[in-house]
Protein chains: 2
Amino acid sequence: MTGLREKILTTASNLFQTQGINSTGVDTIVAVAGTTKMTLYKYFGSKEVLILEVLKQGHQDFQNWLNDKLSNNTKQPSEKLQKLFDYIEEWVTSPDFHGVGFIKASAEFPQEDNPVHQLSSQQSQQFKQYIHHLATEANIKDAEGLSLQLSLIFEGAVQAEQMKRGSGAIKYAKTAAKILIDGASTQ
Amino acid sequence: MTGLREKILTTASNLFQTQGINSTGVDTIVAVAGTTKMTLYKYFGSKEVLILEVLKQGHQDFQNWLNDKLSNNTKQPSEKLQKLFDYIEEWVTSPDFHGVGFIKASAEFPQEDNPVHQLSSQQSQQFKQYIHHLATEANIKDAEGLSLQLSLIFEGAVQAEQMKRGSGAIKYAKTAAKILIDGASTQ
DNA sequence: ATCACTCTATACAGATTAGTATAATGGTGC
DNA sequence: GCACCATTATACTAATCTGTATAGAGTGAT
C-alpha cells in the first residue's frame, strides 16, 4: 500500500488553501510531500486533474462528516435543520479547518467554461440542495427560499472567517440562521 | 490630459475580474489597454501596486455610489438601513457589475501578511463598519450583531452571484436582510 | 539471481512571467 | 528649427512554470 497518492492529495490541499492554487507550483507540492514530479504525474495526469481531485476529496470529506454528525446526533427531521449550523461552526472552528475549496477555487478560476470553475459551481449547488433536502424533510413551506438563504449565510461566514481568522462571524451566522429558520417554520 | 493611467486601471480591473488576478499577466493588460509596459511601470511601480490601486478604486467607487444613493433617496435614518439591500441589488444586477474586488483578492492572496490580503481584509471591515454606522443611526440595539450578519449575507450573495451569474441569490438575500433587520428593530 | 515494478534523481524543453534597458517617435511650446 | 516631454517599440534578463525524458535505486516474488 503506497499512500503516496493520498499524501500528494492532502499536501496539495493544504498548500492550495494556505498559498492559493495558482501560486502553488507542482515542484513545491512534490517537495513538501516528499516525492517527485514523476510520481505526481503518474497519479494525476496534469495539475488541473490534481486540482479537481483535491476539490472532490475535500467536498466529499465535508459532506460525509456533516451527514454523519446529523444522522448520529439527531432524531427528528426538524432537529437536523436546527442543528445544521452548530455542526458547521464545529467544522469551521476546528484546528484542521482549511477552508472550503469550492469557494476559493471559483475565485481563482472565474471563467465559466473552466473545468475547475464548473466543478466548484456544481459543488456549491450540491450543498444548497442538501440544505433543501433538510428543509423539505422538516416540512418547511418555502424550502427553496430558505435553503438559498442558509447557503448564502454559510458562504458568507466561511468567506469572513477566511478573510480574518477567528473573527467570530460564525457565531452571528448561527443566530441569523436560527432567525431565518424560525421565520420559515411558522409560516 | 493623459487618461492613460485611468485606462490601465479600468482595463486591469476588468481583466482581474474575468480572468483572475494571478492569471492576468502584465503583457495582457497593456495589450488590451493599448499601451506598453514602460508606461504601466511608470504609473505603477509594480504589479502589486497596480493590484492595490485597482482594489482601492473599486472599493471607493462602490462606497461612493452606495452613499450617494442612500443620501439622495432616503430621509430618515431607519429608511437607509431598509433600502440598503435594494441598492445592493441594483448594483449587483447592473450590466457593468464586475464583482467585488476584495472578496476575490482575499481568495487569491490567502496569506495574512500579504499586502493585497491586508487591504482586502481592511476593505471588508470598512464595509461592515459602514453598515454598523447605518444600524446605530437607525437606533438598532445590537448594531454590532446585525451589521455582521448583513455583511455576511452581502458577501455570500456576491459570492453566489459570482459562482453562477443570474442565480437570483440577491433576491433571497434581500428578504433575508429584511427579516434580520425587522427582528433586530423590534427588540 | 533475475524479472517486474514502483519510485527517485536529475536534467531538460518550451512557454510564460515580472521587470528593465535602449532607441525611436510624435506632439507642444517657444 | 529646437528642446522638452510622454509614449512607443523592441529586445532582453532572469526567474518560474508545467510537463517530459532518461537512467538508476530499491524491493518483493518466483
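The structure we're discussing is the one just above.
Counting of residues starts from 1 at the beginning of each chain's written sequence and follows it residue by residue. The lettering of chains begins at A and the numbering of ligands begins at 1, in the order of writing. Only residues with pLDDT of at least 70 are given local features in this predicted model, and only at 80 or more are side-chain atom pairs given and counted; all residues enter the totals for whole chains, interfaces and linings. Excluding hydrogens and water, the side-chain figures rest on all heavy atoms present in the structure.

**Student:** Any chance you could explain the interface of chain A and chain B here in plain terms?
**Tutor:** A common measure of how large an interface is: the accessible area buried when the components associate. In this analysis, two residues are considered to be in contact whenever any of their non-hydrogen atoms come within 4.5 Å of each other. With 42 residues of chain A at the contact, the number on the chain B side is 42 residues. Buried area, as used here, totals the accessible surface that two parts lose on assembly, with accessibility defined by a 1.4 Å probe and the loss added over both. At the boundary of chain A with chain B, total buried surface from both sides reaches about 3,300 Å², with 60% on carbon and sulfur atoms. Here a polar contact is taken to be a pair of N or O atoms separated by no more than 3.5 Å, where protein atoms must pair a possible hydrogen donor with a possible acceptor and residues adjacent in sequence count only if both atoms sit in side chains. Linking chain A with chain B are 10 residue pairs in polar contact (both at pLDDT 80 or more), by the criterion used here. Listing elements by their share of the side of chain A that touches chain B, those giving two or more residues are helix H1 (4-19), helix H6 (101-108), helix H7 (115-137), helix H8 (143-163) and helix H9 (169-185) of chain A. Note on residue classes: Ala, Val, Leu, Ile, Met, Phe, Trp, Tyr, Cys and Pro are nonpolar, Asp, Glu, Lys and Arg are charged, and everything else, Gly too, is polar. Split by residue class, the side of chain A that touches chain B holds 16 nonpolar, 19 polar and 7 charged. Secondary structure counts use DSSP, requiring at least four H or I residues in a row for a helix and at least two E residues in a row for a strand, with both numbered from the N terminus.

**Student:** Looking at this structure, I do not really get helix H4 (residues 47-73) of chain A. What am I missing?
**Tutor:** Because each turn of an α-helix spans 3.6 residues, side chains separated by three or four positions in sequence point in the same direction. Taking 1.5 Å as the rise per residue, H4(A) with 27 residues should run 39 Å; its terminal C-alpha atoms sit 39 Å apart, in good agreement. Here H4(A) has its buried residues at Leu50(A), Ile51(A), Leu52(A), Val54(A), Leu55(A), His59(A), Phe62(A), Gln63(A), Leu66(A) and Leu70(A). Given a helix with a known number of residues, its expected span is that number minus one, times 1.5 Å. Whether a residue is buried, partly exposed or exposed follows from its accessible area with a 1.4 Å probe, protein chains only, as a fraction of its type maximum: under 20%, in between, or over 50%, in that order.

**Student:** Help me out: how do you make sense of the packing of helix H5 (residues 77-93) of chain B against helix H9 (residues 169-185) of chain B in this one?
**Tutor:** Two packed helices can be described by the angle between their axes and the distance between those axes. Residues and elements named next belong to chain B. For the pair H5 and H9, the least separation of the axes is 9 Å and the interaxial angle reads 170°. Taken together, H5 and H9 sit at an angle that is classed as roughly antiparallel. Contact with H5, carried on its side by Leu81, Gln82, Phe85, Asp86, Glu89 and Val92, involves Ile170, Lys171, Ala173, Lys174, Ala177, Lys178, Ile181 and Asp182 of H9 and no other residues of that element. Interaxial angles span 0 to 180 degrees and are taken between N-to-C directions of axes, which are lines fitted to C-alpha atoms, for helices over the stretch in contact. Roughly parallel means an angle under 35 degrees; roughly antiparallel, over 145; roughly perpendicular, 65 to 115; everything else is oblique.

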